[in-house]
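Architecture and fold: a report
The lines below spell out each chain.
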Amino acid sequence: MKKLKLIREFILVAKVGLFVGLVVIAFFLVTTKNGVFVPVSDPHLHITSEQVKNTLYDALFQSRPPVKGEPVLTSISTADLSLKVDGSFKALVAVIFVLATANILWVLELLKRIVKSVEDNNSFSVGNIGRVKLTGALVMLAPVFEWVLRMVFMTWISSKLTFEGMTLTSNADYGISISIVGLLIIVLGIAFEQGQKLQEESELTI
């Protein structure tokens, strides 16, 4: 039971952290004036044009020539973005964070209910098995959900800006390990379901 208590406390802390994060984002969106530029580390620009690379290289070392003993930069291939804040930017950021937070809260609420059923000695109930499988599905699909949100954000940036000699790209990977964890949780739920059926058949036989 001590372990279950720790899990409950972790779920509570995670929920509080998520709500604090939403408050911070809301404060940022409300207080940031339109027209202000905010840095975005991902996605970023990948420079494909040699002419653009050479221009940036020359401009960099004209402003600050390399000091003796420093490594020499041979190529500039990436550049970070700064996006201008406007109404559409604020709305998109708000929607992305709300959807991402809602998905995590859903998983945490399912975990909370699973813990409650275990405390009530009802671990292998039909409802609990369904919660385990749904939790696994949400975890497995989380990378897909994140990828879709990132693609929406990148599409929005591309609709606002034109990049001559550069392409918009992201360093974020798919997160296959998370999908595997989600799949394992689903398999665990199926195993619980089969165990419940065997137990019921055994009771009927007796």
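Residues numbered from 1 in each chain as written. Predicted model: local features only at pLDDT ≥ 70, side-chain atom pairs only at ≥ 80, totals over all residues. Heavy atoms only, no water.

**Focus on the pattern of salt bridges**
What counts is decided by this rule: Salt bridges are identified by distance alone: a Lys or Arg side-chain nitrogen within 4 Å of an Asp or Glu carboxyl oxygen. Here a strand is any run of E in DSSP of at least two residues, a helix any run of H or I of at least four, and the numbering for each starts at the N terminus. A 1.4 Å probe rolled over the protein chains alone gives each residue an accessible area, and that area as a share of the maximum for its type sets the label: buried under 20%, exposed over 50%, partly exposed in between.
Tallied over the full model, the rule gives eight salt bridges. A salt bridge links Arg150 to Asp42; the shortest N-O distance between them is 3.5 Å. Here Asp42 lies in strand S1 (residues 37–47) and Arg150 lies in helix H4 (residues 126–160), a separation of 108 residues in the sequence. Residues Lys116 and Asp120 are paired through a salt bridge, measuring 2.8 Å at the closest nitrogen-oxygen approach. On the basis of relative accessible area, Lys116 is assigned to the partly exposed category, the value being 44%. Looking at Asp120, the relative accessible area reads 45%, which means it is partly exposed.

**So, the environment of Glu109**
Along the chain, the position of Glu109 falls in helix H3 (residues 87–119). With a relative accessible area of 24%, Glu109 lands in the partly exposed category. Placed 26 residues apart in sequence, Glu109 and Thr135 show a C-alpha to C-alpha distance of 9.6 Å.

**Side note on the packing of aromatic side chains**
What counts, and what does not: Note on ring pairs: Phe, Tyr and Trp rings are taken, using the six-membered ring of Trp, and paired if centres are within 6.5 Å. Classes follow the plane angle, with under 30 degrees stacked, over 60 edge-to-face and the rest tilted.
Using the criterion set out here, one finds two aromatic pairs in the structure. When the centroid spacing of 5.8 Å and the interplanar angle of 45 degrees are considered together, the rings of Phe89 and Trp156 count as tilted. A residue pair is termed long-range when its members are at least 10 positions apart, and Phe89 in helix H3 and Trp156 in helix H4 qualify at 67 residues. Judged by relative accessible area, Phe89 falls into the buried class, the value being 5%. The interplanar angle of 5 degrees and the centroid separation of 6.3 Å between the aromatic rings of Phe153 and Trp156 together place this pair among those described as stacked. Residue Phe153 and its partner Trp156 are located together in helix H4, separated by three residues, close to a single helical turn. A single burial state applies to Phe153 and to Trp156, both of which are buried. Through pairs of rings, three or more aromatic residues link up here, namely Phe89, Phe153 and Trp156.

**What about H4?**
Quick note on the threshold: In a helix, the anticipated span is given by 1.5 Å times the number of residues less one. What we call the bend at a residue is the angle made by axes fitted to the seven residues finishing there and the seven residues starting there.
Compared with an ideal rise of 1.5 Å per residue, which puts 35 residues at 51 Å, H4 spans 50 Å between its outermost C-alpha atoms and is within 8% of the ideal. Maximum bend of H4: about 40 degrees, positioned at Ala142, with proline Pro143 one to four residues after it.

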